[in-house]
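# Per-entry structural report
Chain residues, written in single-letter form:
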Amino acid sequence: MKKVIILLFVALSMWAAPYKVGQSVMPLDLNDQFGKRYTLKAMPKTLIMAFEKGTGATVNEYLTVQEKGYLAKNKAAFVADISQMPKFITESFALPKMRKYTHTVLLIQDEEQGLNFPAQEDKITVMKFRGNFLTKVEFISTPAELKKAIEQ
């Protein structure tokens with residue numbers, strides 16, 4: 001019985017582990033800041049992810065000053081994990097602010113979905129894909145690094 005419990009624990013911890021380079025990433029179903037549903041059946045070339053308010057602000061400030069269609073032109077998408085934010089704060093303050101952006105912000109609102117992605121404290125996660133296969137993960141901090149990661 002002890003072995004079964006250990007095996008079950010190991011299997012569950014591997015299931016919840018963040019994606020690694022070389023893995024295939026499952027399609028994502030996420031809403032944007034307007035509540036529109038997006039299904040990413042094929043991952044974009046670049047997936048930018050923010051898991052904290054500060055990193056999200058850095059990404060949004062950078063994207064706000066880019067030309068319309070910048071993300072699409074560079075085959076990129078931006079995902080913000082807001083699953084830790086209280087629902088009242090999300091609906092009263094965060095979403096109304098996000099609706100002012102001209103770029104699309106895809107939202108992770110389910111805490112478990114956010115666990116699938118690699119993250120580091122105070123860093124923006126940039127994931128590169130070929131098809132649905134993860135080829136590279138970078139952790140960056142500055143708008144200059146973000147520009148380089150998106151445009152390369």
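With mixed pairing, 7 strands are arranged side by side in an open sheet as 2-1-5-4-3-6-7. One side of each edge strand has no neighbouring strand; the edge strands of this open sheet are strand 2 (37–40) and strand 7 (133–140). Put simply, the sheet's adjacent strands are angled 35° from each other on average, direction ignored. Relative to strand 5 (residues 106–108), strand 4 (residues 76–81) runs parallel, the two sharing 3 bridges. Bridge assignment links Val 79 to a residue of strand 5, and that residue is Leu 106.

Here we come to the environment of Leu 107. Along the chain, Leu 107 turns up in strand 5. Each C-alpha atom, one on Leu 107 and one on Met 49, is 9.8 Å from the other, the two residues being 58 residues apart in sequence. Those residues within four positions of Leu 107 in sequence are excluded, and the remaining contacts are Leu 30, Asn 31, Asp 32, Gln 33, Ala 80, Ile 82, Leu 95 and Met 98.

Before going further, it helps to spend a moment on the packing of helix 2 (residues 53–64) against helix 6 (residues 143–151). Direction vectors running N to C along helix 2 and helix 6 enclose 65°, while the axes themselves pass 10 Å from each other. By the criterion of interaxial angle, the relationship of helix 2 to helix 6 is roughly perpendicular. Our pair here, helix 2 against helix 6, has a crossing hand that is right-handed. Here helix 2 contributes Thr 58, Val 59 and Tyr 62 to the contact with helix 6, which in turn contributes Pro 143, Leu 146, Lys 147, Ile 150 and Glu 151. Considering only residue class, the contact of helix 2 with helix 6 consists of 5 nonpolar, 1 polar and 2 charged.

Glancing now at helix 6. Residues that lie three or four places apart on an α-helix share one face, since the helix turns once every 3.6 residues. Those residues of helix 6 that fall on the buried side of the exposure criterion are Leu 146, Ala 149 and Ile 150. The buried residues of helix 6 occupy one face: seen down the axis, they fall within an arc of 95°. Facing away from the buried side of helix 6 by more than 90 degrees, the exposed set consists of Ala 144 and Lys 148. Tucked inside the fold, the buried residues of helix 6 contact strand 3 (46–50), helix 2, helix 3 (70–73), strand 4, strand 6 (124–130) and strand 7.

Procedures and definitions
Residues numbered from 1 in each chain as written. Predicted model: local features only at pLDDT ≥ 70, side-chain atom pairs only at ≥ 80, totals over all residues. Heavy atoms only, no water. Pairing = 2+ DSSP bridges. Helix = DSSP H or I, 4+ residues; strand = E, 2+ residues; numbered from the N terminus. Axes fitted to C-alpha atoms, helices over the stretch in contact; angles between N-to-C directions. Contact = heavy atoms within 4.5 Å. Parallel < 35°, antiparallel > 145°, perpendicular 65-115°, else oblique. Left-handed = near helix turned anticlockwise from the far one by under 90°. Nonpolar A, V, L, I, M, F, W, Y, C, P; charged D, E, K, R; others polar. Buried < 20%, exposed > 50% of the residue type's maximum accessible area, 1.4 Å probe, protein only. Arc of directions from axis to C-beta.

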